[in-house]
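Breakdown of the fold
Each chain is listed here by its residues.
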Amino acid sequence: MAKKLLIVESPAKAKTIEKYLGGDFIVKSSFGHIRDLEKGSDLGVDVNNGYKPNYVVPADKFKTVKDLKETAGKADEVWLATDEDREGEAISWHLCQVLGLDERTTKRIVFHEITKPAIQKAVQNPRLLDLNVVNAQQARRVLDRLVGWELSGLLWKKVKSQLSAGRVQSVAVKLIVERERDIQQFNSEPFFRVVAQFLTKNNQNKVVTFKAESPQRLETEQDAQTFLKKCIGAAYTVGNIEVKPTRRKPAPPFTTSTLQQEASRKLGFAVSRTMKVAQRLYESGHITYMRTDSVNLSETAIQTIGAEIQKQYGPKYHQARRFKTKNESAQEAHEAIRPTYVENPQVSQDRDEQRLYELIWKRTMASQMADAELEKTVVDIRISTHPTAQLVAEGEVIKFDGFLKLYLESTDDEQEEEQGMLPPLTVGQALNLSDMTATERFTRAPARYTEAGLVKKLEELGIGRPSTYAPTISKIMEDNRGYVTKESRPGEERMFRVLTLKNDEIKSVTSKEVTGTTKNVLYPSDIGMIVTDFLGGHFDKIMDYGFTAGIEERFDDIAEGKTDWTKVIDSFYRPFHVDVEKTLQEAERVSGERILGVDPATGRTVLVRMSSLGKPVIQIGTGEELEAKEKPRYANLRLGKNLETVSLEEALESFALPRVLGEHLGVEMTVNTGRYGPYIKYGENTFVNLPKTDDPFEITPERATELVKAKLEADKPAGEYQNIPYTIGKGRFGPFIKWGELFVNIPARIAPDKMTPTQAVELIEAKIEKEGNRYIHLWEAEKISVENGRWGPYIKFGKNNLKLPRINGAAMTADYARSLTLEDVKKIIEAEMPGVFDKKEKKTKKG
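Residues numbered from 1 in each chain as written. Predicted model: local features only at pLDDT ≥ 70, side-chain atom pairs only at ≥ 80, totals over all residues. Heavy atoms only, no water.

From N to C terminus, the protein includes 22 helices and 34 strands. With the C-alpha coordinates aligned to their principal axes, the bounding extent of the protein is approximately 100 × 85 × 60 Å. For the protein, the residues scored as buried account for 45% of the 847 residues in total. In the protein, once contacts between residues fewer than 6 apart in sequence are set aside, the share between residues at least 24 apart is 67%. In the protein, the 126 positive side-chain charges and the 124 negative ones have mean positions that sit 2 Å from each other. (Helix = DSSP H or I, 4+ residues; strand = E, 2+ residues; numbered from the N terminus. Buried < 20%, exposed > 50% of the residue type's maximum accessible area, 1.4 Å probe, protein only. Contact = heavy atoms within 4.5 Å. Lys, Arg positive; Asp, Glu negative; His and termini not counted. Charge placed at Lys NZ, Arg CZ, Asp CG, Glu CD.)

It is worth spelling out the pattern of salt bridges at this point. Using the criterion set out here, one finds 53 salt bridges in the structure. The shortest N-O distance in the salt bridge between Arg104 and Asp102 comes to 3.2 Å. For Asp102, a relative accessible area of 31% corresponds to the partly exposed category. Arg338 is the salt-bridge partner of Glu113, the closest N and O atoms lying 2.5 Å from each other. With a gap of 225 residues between them, Glu113 in the loop between strand S8 (107–108) and helix H4 (116–124) and Arg338 in the loop between helix H10 (299–313) and helix H11 (351–367) connect regions that are remote in the sequence. Given the relative accessible area of 6%, Arg338 is considered buried. Counted as one network, the salt bridges with shared partners bring together Glu9, Lys13, Asp83, Asp85 and Arg291. (Salt bridge = Lys/Arg side-chain N within 4 Å of Asp/Glu carboxyl O.)

What follows covers the packing of aromatic side chains. Applying the stated criterion across every chain yields a total of 16 aromatic pairs. Taking the centre distance of 5.8 Å and the plane angle of 25° together, the rings of Phe547 and Phe572 count as stacked. Residue Phe547 is found in helix H15 (residues 545–559), and its partner Phe572 is found in helix H16 (residues 565–586); the two are separated by 25 residues along the sequence. Residue Phe547 is classed as partly exposed on the basis of its relative accessible area, which comes to 25%. Under the relative-accessibility criterion, Phe572 is labelled buried at 8%. One aromatic cluster is present, built from ring pairs that chain together Tyr51, Phe539, Phe547, Phe572, Tyr573 and Phe576. Across the ring face of Tyr523, the terminal group of Arg489 is positioned such that the distance to the ring centre comes to 3.6 Å. For Lys826, the ring lying beneath its charged end belongs to Phe837, and the centroid distance is 5.3 Å. (Phe/Tyr/Trp six-rings, centres within 6.5 Å; stacked < 30°, edge-to-face > 60°. Lys NZ or Arg CZ within 6 Å of the ring centre and 35° of its normal.)

Taken as a whole, this structure holds one cavity of 30 Å³ or more when the rule is applied. Estimated volume of the largest cavity: approximately 90 Å³. In terms of lining, the largest cavity is formed by 15 residues, of which the most central are Ser164, Gln169, Ser170, Val173 and Tyr483. Those elements that place two or more of their residues in the lining of the largest cavity are helix H6 (169–185), helix H13 (469–476) and helix H14 (526–538). (1 Å grid on protein atoms, 1.4 Å probe; cavity = no way out; pocket = protein on both sides within 12 Å on 5 of 7 lines; lining within 4 Å. Points joined across faces, edges and corners; volume = space filled by probe spheres on them.)

Helix-helix packing: each pair is described by the crossing angle between the helix axes and the interaxial distance. Running from N to C, H15 and H16 point in directions that differ by 160°, and their axes come no closer than 9 Å. On the basis of the axis angle, H15 is roughly antiparallel to H16. The two elements H15 and H16 cross, and the hand of that crossing is right-handed. Residue-level inspection shows Phe547, Ile551, Arg554 and Ile558 of H15 in contact with H16, the latter providing Trp565, Val568, Ser571 and Phe572. Among the residues forming the contact of H15 with H16, the class breakdown is six nonpolar, one polar and one charged. (Axes fitted to C-alpha atoms, helices over the stretch in contact; angles between N-to-C directions. Parallel < 35°, antiparallel > 145°, perpendicular 65-115°, else oblique. Left-handed = near helix turned anticlockwise from the far one by under 90°. Nonpolar A, V, L, I, M, F, W, Y, C, P; charged D, E, K, R; others polar.)

What follows deals with unusual backbone geometry. Residues apart from glycine generally show negative phi values, whereas peptide bonds are mostly found in trans. Going from Leu657 to Pro658, the amide bond is cis rather than trans, its omega being 5°. With respect to the helices, strands and loops of the structure, Pro658 is situated in the loop between helix H17 (648–653) and strand S23 (659–664). Even without being glycine, Asp504 reaches a positive phi, approximately 60°. Positive phi, normally seen in glycine, also occurs at Lys783, with a value near 55°. Position of Lys783 relative to the elements: it lies in the loop between strand S31 (775–779) and strand S32 (784–789).

All of the buried residues in H4 are Ala118, Ile119, Ala122 and Val123. Taken down its axis, H4 places every buried residue within 135° of arc, on the same side. Along H4, the residues that are exposed and aim more than 90 degrees away from the buried face are Pro117, Lys121 and Gln124. Looking at the buried residues of H4, the elements they touch are helix H1 (11–20), strand S2 (25–29) and strand S7 (77–80). (Arc of directions from axis to C-beta.)

The next point concerns the pairing of strand S16 (residues 492–502). Successive residues of a regular strand alternate their side chains across the two faces of the sheet. Relative to S16, strand S14 (residues 430–442) runs antiparallel, the two sharing four bridges. Following the sheet pairing, Ala438 is matched in S16 by Leu499. (Pairing = 2+ DSSP bridges.)

Once that is clear, we can look at the sheet that holds S23. By way of backbone hydrogen bonds, the strands of a sheet pair with one another, either parallel or antiparallel. Pairing is antiparallel across the open sheet formed by four strands, whose spatial order is S23-S24-S25-S26. Of all strands in the sheet, those with a lone pairing partner are S23 and strand S26 (686–689), marking the two edges. The sheet shows a mean angle of 30° between the axes of neighbouring strands, direction not considered. Here strand S25 (residues 677–682) runs beside S26; their pairing, made up of four bridges, is antiparallel.

Helix length check: helix H19 (residues 757–772) (16 residues) gives 23 Å between terminal C-alpha atoms against 22 Å at 1.5 Å per residue, within 8%. Of the positions making up H19, those classed as buried are Ala760, Leu763 and Ile764. Across the axial projection of H19, the buried residues extend over an arc of 95°, all falling on one side. Summarising the geometry of H19, the exposed residues directed more than 90 degrees from the buried face are Thr758, Glu769 and Gly772. Buried residues in H19 make contact with strand S27 (719–721), strand S28 (724–731), strand S29 (734–739) and strand S30 (742–745). (Expected span 1.5 Å × (residues − 1).)

Okay, the sheet that holds strand S21 (residues 616–620) next. Strand order in this open sheet of four strands is S19-S20-S21-S22, and the pairing throughout is antiparallel. Edge positions in the sheet fall to strand S19 (594–598) and strand S22 (633–636), since each has one partner strand and no second. Between one strand and the next, the sheet's axes are offset by a mean angle of 25°, whatever the strand orientation. Of the pairings in the sheet, the one linking S19 to strand S20 (residues 605–610) comprises four bridges and is antiparallel in character. Its bridge partner being in S20, Gly597 is matched across the sheet by Val606.

Further remarks concern the environment of Arg554. Examined against the element boundaries, Arg554 turns out to sit in helix H15. The exposure class assigned to Arg554 is partly exposed, which follows from its relative accessible area of 32%. Sequence-distant contacts of Arg554, that is, excluding residues within four places in its chain, are made with Thr563, Val568 and Ser571.

As a further point, take the packing of helix H9 (residues 271–283) against H11. It is at 9 Å that the axes of H9 and H11 come closest, and there the two elements cross at 90°. When the axis of H9 is compared with that of H11, the two are roughly perpendicular. Across from Arg273, Thr274, Val277, Ala278, Arg280 and Leu281 in H9, the residues of H11 making contact are Asp352, Glu353, Leu356 and Tyr357. Taken together, the residues that form the contact of H9 with H11 break down as five nonpolar, one polar and four charged.

Turning our attention to the side chain of Asp83. With respect to the secondary-structure elements, Asp83 resides in the loop between S7 and helix H3 (86–99). In this structure Asp83 comes out as buried when scored by relative accessible area, which is 5%.

On to the side chain of Thr548. Of note, Thr548 is situated in helix H15. Ignoring sequence-local partners within four residues, the contact set of Thr548 consists of Arg167, Val171, Ile463 and Ile542.

Put into structure tokens, the structure is as follows:
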């Protein structure tokens, strides 16, 4: 047995570090956090006792904790080597608490790269836990739980059940909603852009063309026509030539934010994908720590990189640079993201890892390379018949490529044009016009955010930190929240005019182009817009960008020991809680309802609103317009439409369903839409959910046949259990087994297409056993039950899940719940849903 136990977060990191340490250490992993705030029916924070957190070890960490305790008990000393950021410091503190270590004396080592010299140096210079940093993380966790808990509960009552909100996530959604509304309200205006093509000879005496553009935008087609008419019969001469030397400097090495942005632009990586790959590269010892907002490089790294540049490209390409971080509160790590060994351009056979590593390697190397030297030429061209106007030609030539030899930073603007080299020109030189065009262009709305663009905006506003960008974006895009989707949508056809002057004749044509095409951009959903408006109307501070950024600064103060974390929480939570209680009492339930007009066929009101399931629906007919027992007609919005912008005509088109698509094997196929979205009905009993990419209004018989065939194949029995066949399918919540009326989820560890009959039977039997233990009480006639849940017993009333009250400050146990009578349970339901049984009694009397 080794004398010392060293604990890190991940097994990959443990494996790498163990190679560098001698026999004095054994390295174990905690597999991330080993405990967290209590979940389920409990807030997990005692707001009346100094905001004391109630931390618990989750069930999936029992084995890890048991192993660590056993190993720690046999070791002479326990050292901690979690990451050097707030999250890592907190993990070390939790390990102290759970393993019974003294947080004042337990040795803690830190490093920014997993290399042998770095690890050995860290072991020689251990430090103690920084409790101020622990408290900063604890403050974030507690505050986010308090805000999320109270706002989510409020949204369940005022908007829709199953919704959630968060301190940073809600602000991120607001950014996307505001951008979408800016786009919707943007009025694109036409203008004309004049471009001339001239003929001249180059140095090889060959005739070449170059372009010149009018710096003046022409507002109307008539203006463009007038401009071209004035150029008929004109002579064109070079009026002025300005040659300016320019220099371009390299970008600093990567921070977390800039890595996420460049990986998105250059590699097409989602933010979460970038961080997962970077984590693997770090744990394998290939790059420095990947959660950082510092652009600093160590002196050793600067010297090593400089030597490699001189070796590969020569001395003239090297220029040592020391970048300084603009953000004074940069605290996640002390160095930028860089390769640990810059002499290694190839480190992995994994494609994602190698591509991201090359990006980091090139950016790091380029940051220490010489400026690029360019020469920019601007030529003014005079028009003899139009002395007040001019055309301008611009060219750029690289005199010395410098860092551009290796790397050029990308931008979000896809419209930028590269400037080429101009042919040799002299002042007074006559030019021959090939043609001149005035092309109709249109002003552009602001672009929707990409994931990387949203990270950049959050960083600019000071919202969040390197460790929070990826989780924030992942949260707002989760299916169960439904606030934001990442989509690529086709554009729309648009006509534009082109006027061409050639050989002193003007011709006009109308051309077509596709505009508005998007690729992997963020769209807010209708529910995302409704929730943003609701929170903005009642919690202006929570939704204020400056206020949210100010909270981040308070966390920084805590980390630096300048303030007590509980005071920061208290100054925020007390007024916030009052606002929640006030909103709960006074705010009306919201649905985003908007009346569009009247249905010409029936004369009834057409409106759009959010359904109780959280889906946008179109409704024809309201209460007073309907006959007794008649229900309104409903339809779902078409793809790409939303509650705020859909027109009456577009809404009425949605009632074209159901639509007969033809037959397959003599059985009719129809497409329709229901509570859970569009589907194909085949015969009487087969229903096929349409993928998001298929529009029910445009799906072809061939595509429908393809989907039906796949469904029939998937529904074939995969085996039998107790002489009853079972099938394997995939639904809204993942793959499942259907056995009789029982649905059994297939866990992620089992691939559905490779599942054995033995595994299937084990899952079915486990589900049967679980269902047998599910009910503590079941009153079917009342549609009320008390059930065992993951976080303890709860009440199910119809489709509503309700918490059981606490007993003497503790969560109610299953044993106590067994003593409850139906009347006891009804009282609890009445307290949560006032008047619900009165409504049921009225309905019974009417019936």
